[in-house]
Amino acid sequence: SGVFQSTYSVEAQAVSNFKNLLLTMKGERFMQPNFGTDIKKSLFENNTTELELALEESLRDDIAFWLPYIIIDEFEIIRKPDQHQMFIRISFRAIEEGANRVIVILADSDNLTVEETTESVSGVSSGGGY
């Protein structure tokens, strides 16, 4: 028992590190201004296909640099420009022989939520899960 939930496996720690990276905005971490992602910043850009492609490339680069042991299997972005929301679904493995895992990111102007799930983004975006 304690303040923080402990991890007891390499895979669980890798997933925790992945969530931490996704929730951290670049420039937020003291002495490491390049740690994190630009997910939150992208919400205030024009919500276009070009933004979607640039965000995916940026996320892939950030993950490859900071967490090279994370293997991305599938990447999906669903934009909802009329609601100022973006859903990002990343299917990945934390180690080479690890089980497939899915992280869903819900980004809107107020919050950035990262959850591990087995649901598809389309199921979440239709009102379920959050």
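Residues numbered from 1 in each chain as written. Predicted model: local features only at pLDDT ≥ 70, side-chain atom pairs only at ≥ 80, totals over all residues. Heavy atoms only, no water.

Caption draft 1: Focus on the pairing of strand β1 (residues 71-80). Two elements, β1 and strand β2 (residues 85-93), share nine bridges in a ladder whose sense is antiparallel. Paired with Ile72 across the bridge in β2 is Phe92. What sits between the antiparallel neighbours β1 and β2 is a turn of four residues, in which His84 has the positive phi angle 55 degrees. (Pairing = 2+ DSSP bridges. Helix = DSSP H or I, 4+ residues; strand = E, 2+ residues; numbered from the N terminus.)

Caption draft 2: Quick peek at the pairing of strand β3 (residues 101-108). For β3, the buried fraction is high: seven of the eight residues fall into the buried class. Bridge analysis of β2 against β3 gives eight bridges, and the strand direction is antiparallel. In the strand pairing of β3, Arg89 is matched with Val104. Looking at chain direction, β3 and strand β4 (residues 112-116) are connected through five bridges and run antiparallel. Bridge pairing in β4 links Leu106 to Thr113. Two successive antiparallel strands, β3 and β4, enclose a turn made up of three residues. (Buried < 20%, exposed > 50% of the residue type's maximum accessible area, 1.4 Å probe, protein only.)

Caption draft 3: Up close: the packing of aromatic side chains. Applying the stated criterion across every chain, the model contains three aromatic pairs. With a centroid separation of 5.1 Å and an interplanar angle of 80 degrees, the aromatic rings of Phe35 and Trp66 are classed as edge-to-face. On the criterion of sequence distance, the pair formed by Phe35 in the loop between α1 (10-23) and α2 (39-42) and Trp66 in helix α3 (residues 49-66) is long-range, its members being 31 residues apart. Residue Phe35 is classed as buried on the basis of its relative accessible area, which comes to 7%. When the centroid spacing of 4.9 Å and the interplanar angle of 85 degrees are considered together, the rings of Phe65 and Trp66 count as edge-to-face. (Phe/Tyr/Trp six-rings, centres within 6.5 Å; stacked < 30°, edge-to-face > 60°.)

These values are about where atoms sit, not about what they do.
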